[in-house]
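# Observations on chain architecture
Here's the letter readout for the chains.
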Amino acid sequence: MPTRKATARAHPNIALIKYWGNRDDNLRIPVNGSISINLAGLETITTVNFSKAIAEDRLMLNGEQQAGETTGRVSRHLDHIRHLAGINLPADVQSRNNFPTGTGIASSASAFAALTAAACSALDLHPAEADLSALARLGSGSACRSVPGGFTEWHVGVDHQTSHATGIAPAEHWNLVDLVTIVSREHKIIGSTEGHRLADTSPLQAARIADTPRRLDICRAAILERDFEALADIIEQDALMMHAVLLTSRPTLIYWLPATLSIIQAVQTWRSDGIPAAFTIDAGPNVHVISTTEYRNKLNTLLGEIKGVQSVLTTGIGGPAHVISEHLDN
Ligand code: PMV
């Protein structure tokens, strides 16, 4: 049996219209569509080597051998791809993020997008982008949005094949930046896989879902028209709606810290003073401040002056997940 090996790169993404809650937890088919941007400069690079020389799947993450559930989740994901290729070889997986963990940037999106792209290429599967996106979704929902480049939308779909992301516009379309403002590096109280299961315990979730097509339409149009005011208004409302659900879930999920609220208020004041700045917040306390390249340095300084801000990481809009080296020994 030949050794089959490939390496792929993917960027993490930040959702502008959030995904929260699944219609099908196993297939990670969401209850609502979502829109995100890929984050340039931040990346996961993963090499997958299917080989009979090892007894079982192995996972090395940032140079450290992993065990338990982390390896289990990767193994279960590789099973889908092995099944498609009709092979049963164990895999040696080496993965590296160039961004620190615990900075409020979900590494699972770039991790599963890169893993899926590398594993498919190693097994000589060459799925269309939509199919690669659907496959990545099985590992982590938001990973499907890291497959196409730039501004992407995840369509809910009706089944595995149709629940995938497509590009709204390429990275070059609009010179937005994300200033990831870190107020805590502590580990999340509840991870997103478990969090999605709690979404329905909030009486506000049904209203949030029902209103999602409106938010998606406004956000998509704002992106296509490069209308910052419209974008700012809708992404802030969307993030606050998700946090309203989190706050009113059982158990309650209160992720904000005092500095989180200070940044929210500062961003709204800056915008009323004419600076294009808008916030969005994932299931954590750190705030993503969206702006344009012209205001990057000014906002960096302003954010650094807020009490409780530990650091600011600046990124632009990133391209698609892609294979960077392929290697099939025959
Ligand atoms: O893909 P997951 O299971 O890590 O969930 C992501 C959930 C949020 O980051 C809070 C929202 C989103 O759409 O990315």
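Read on for an overview of the structure. (Residues numbered from 1 in each chain as written. Predicted model: local features only at pLDDT ≥ 70, side-chain atom pairs only at ≥ 80, totals over all residues. Heavy atoms only, no water.)

### Re the nonpolar core
Across soluble globular proteins, nonpolar side chains have a tendency to be buried as a group. Counting residues in each nonpolar core, the largest one holds 30 residues, and the members touching the most others are V48, F50, L78, V93 and L115. Contributions of two or more residues to this core are made by β1 (4-10), β6 (44-50), α1 (68-85), β9 (91-97), α2 (107-122) and α3 (129-139). Listed in part, the 29 residues of the second largest apolar core include F151, W174, V180 and F228. (Core = buried A, V, L, I, M, F, W, Y, C linked by side-chain atoms within 4.5 Å. Buried < 20%, exposed > 50% of the residue type's maximum accessible area, 1.4 Å probe, protein only. Helix = DSSP H or I, 4+ residues; strand = E, 2+ residues; numbered from the N terminus.)

### Quick notes on the environment of R215
Topologically, R215 is positioned in helix α5 (residues 205-225). On the basis of relative accessible area, R215 is assigned to the buried category, the value being 0%. When the C-alpha atoms of R215 and N49 are compared, they prove to be 42 Å apart, with 166 residues separating the residues in sequence. Apart from the residues lying within four places of it in its own chain, the contact partners of R215 are I17, R208, I234, Q237, D238 and M241. Within the structure, R215 has its side chain in polar contact with the side chain of D238 (distance 2.7 Å). (Contact = heavy atoms within 4.5 Å. Polar contact = N/O pair within 3.5 Å; in protein donor to acceptor, adjacent residues only side chain to side chain.)

### Points about the site of the ligand
The ligand sits among 14 residues. The nearest are Y19, S142, R145, S192 and H196. Contact distances for the ligand include 2.8 Å between an oxygen atom and a backbone N or O atom of Y19. The contact in question runs from an oxygen atom of the ligand to an N or O atom on the side chain of S140, over 3.3 Å. In isolation the ligand offers 380 Å² of accessible surface; the protein chains occlude 95% of this area. Of the residues in the shell around the ligand, the class split is five nonpolar, six polar and three charged. (Near = heavy atom within 4 Å. Areas by Shrake-Rupley, 256 points an atom, 1.4 Å probe, with all protein chains shown as cover. Nonpolar A, V, L, I, M, F, W, Y, C, P; charged D, E, K, R; others polar.)

### A look at the sheet that holds strand β11 (residues 165-169)
Overall, antiparallel pairing links the four strands, which are arranged β2-β5-β10-β11 in an open sheet. Looking along the sheet, the strands with just one partner apiece sit at the ends: β2 (13-17) and β11. The average undirected angle you get between the axes of adjacent strands in this sheet is 35°. In this structure, β2 lies alongside strand β5 (residues 34-38), joined through four bridges in antiparallel fashion. Within the sheet, the bridge partner assigned to A15 lies in β5 and is S36. Set on the sheet, α5 makes contact with β2, β5, β10 (151-154) and β11; between it and β2 the angle comes to about 115°. (Pairing = 2+ DSSP bridges. Axes fitted to C-alpha atoms, helices over the stretch in contact; angles between N-to-C directions.)

### Some thoughts on the sheet that holds strand β13 (residues 278-280)
In sheet architecture, strand pairing relies on hydrogen bonds along the backbone and comes in two forms, parallel and antiparallel. With respect to topology, four strands assemble into an open sheet ordered β13-β14-β12-β15, the strand pairing being antiparallel. Each edge of the sheet is formed by a strand with only one pairing partner; in this case those strands are β13 and β15 (311-315). Each strand axis lies, on average, 25° off the axis of its neighbour in the sheet, ignoring direction. The pairing of strand β12 (residues 176-182) with strand β14 (residues 287-292) spans six bridges and is antiparallel. When the bridges of β14 are listed, L176 appears paired with T292. With respect to the sheet, helix α7 (residues 258-272) is in contact with β12, β13 and β14, its orientation differing from that of β13 by roughly 150°.

### Quick look at the packing of aromatic side chains
Applying the stated criterion across every chain yields a total of two aromatic pairs. Consider the rings of W174 and F228, whose centres lie 6.3 Å apart with planes at 80°: the pair is edge-to-face. A residue pair is termed long-range when its members are at least 10 positions apart, and W174 in the loop between β11 and β12 and F228 in helix α6 (residues 228-247) qualify at 54 residues. Residue F228 is classed as buried on the basis of its relative accessible area, which comes to 10%. (Phe/Tyr/Trp six-rings, centres within 6.5 Å; stacked < 30°, edge-to-face > 60°.)

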